Amino acid sequence: MDSIKQGANYVAEKTKEATSGASKETNKQVAKDSDAPLGTRASAAKDTLGDKLDEQKHSAKGEAHKEAI
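Because the structure is a prediction, the values reported are computed rather than measured.

**Student:** Talk me through the overall build of the chain; I want residue IDs and the actual numbers.
**Tutor:** Scanning the chain from N- to C-terminus turns up two helices and zero strands. Compactness check: the chain gives a C-alpha radius of gyration of 16 Å against a globular reference of 11 Å for 69 residues, more than 25% above the reference. Dimensions of the chain along its principal axes, counting C-alpha atoms only, are 55 × 15 × 10 Å. Out of the 69 residues in the chain, the part that is buried amounts to 23%. Counting only contacts in the chain whose residues sit at least 6 apart along the sequence, the fraction spanning at least 24 positions is 69%. Roughly 4700 Å² of accessible area belongs to the chain as shown, and the carbon and sulfur atoms make up 58% of that amount. Here the chain holds 12 positive side-chain charges and 12 negative ones, and the gap between their average locations is 2 Å.

**Student:** Before we move on, could you go through helix α2 (residues 38-68) and cite the residues and values that matter?
**Tutor:** Under the 1.5 Å per step criterion, the end-to-end length of α2 is 45 Å for 31 residues, consistent within 8% with the ideal 45 Å. Considered for burial, the residues of α2 that qualify are A44, T48, D51, E55, H58, G62 and H65.

**Student:** Which residues make up helix α1 (residues 2-32), and what are the values?
**Tutor:** Helix length check: α1 (31 residues) gives 45 Å between terminal C-alpha atoms against 45 Å at 1.5 Å per residue, within 8%. Taken together, the buried positions of α1 are occupied by Q6, G7, E13, E17, S20, G21, K24 and N27. For α1, the elements touching its buried residues are α2.

**Student:** Please set out the pattern of salt bridges residue by residue, giving values where relevant.
**Tutor:** One pass over the full model with this rule turns up six salt bridges. Between E25 and K24 there is a salt bridge, with the nearest N and O atoms lying 3.8 Å from each other. Exposure remark for E25: the relative accessible area of 35% places this residue in the partly exposed category. Here D47 ties to K46 by a salt bridge, and the two come within 3.2 Å at their closest N and O atoms. Salt bridges sharing common partners tie together K24, E25, K28 and E55.

**Student:** So what about the side chain of H65? Which residues, and what values?
**Tutor:** Relative to the assigned elements, H65 resides in helix α2. Under the relative-accessibility criterion, H65 is labelled buried at 19%. With sequence-adjacent residues up to four places away left out, H65 is seen in contact with Q6, N9, Y10 and E13.

Criteria and thresholds
- Residues numbered from 1 in each chain as written.
- Predicted model: local features only at pLDDT ≥ 70, side-chain atom pairs only at ≥ 80, totals over all residues.
- Heavy atoms only, no water.
- Helix = DSSP H or I, 4+ residues; strand = E, 2+ residues; numbered from the N terminus.
- Rg over C-alpha atoms; globule rule 2.2 N^0.38 Å.
- Buried < 20%, exposed > 50% of the residue type's maximum accessible area, 1.4 Å probe, protein only.
- Contact = heavy atoms within 4.5 Å.
- Areas by Shrake-Rupley, 256 points an atom, 1.4 Å probe, with all protein chains shown as cover.
- Lys, Arg positive; Asp, Glu negative; His and termini not counted.
- Charge placed at Lys NZ, Arg CZ, Asp CG, Glu CD.
- Expected span 1.5 Å × (residues − 1).
- Salt bridge = Lys/Arg side-chain N within 4 Å of Asp/Glu carboxyl O.

Here it is in C-alpha cells:
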C-alpha cells in the first residue's frame, strides 16, 4: 500500500515539475520581450528564477518518491 502512495506522490511531483517548467519558459519569454514594460520584464525575470527553483525542488522530491517505491 505504501508503494501505491509513493507512486501517486511521484506522479504529483512530476506534474508540479512540468508546470513549473512551463511557467519558467513563459516568464523567460516575457523577460526577453523588448516591447514589454521594464517593470513587467523585471518581474518576469524574478519569477523565472523562482520557477526554476520550484522545478528543481519538485524534481528532487519526485526522485525521492520514485526511490521509495
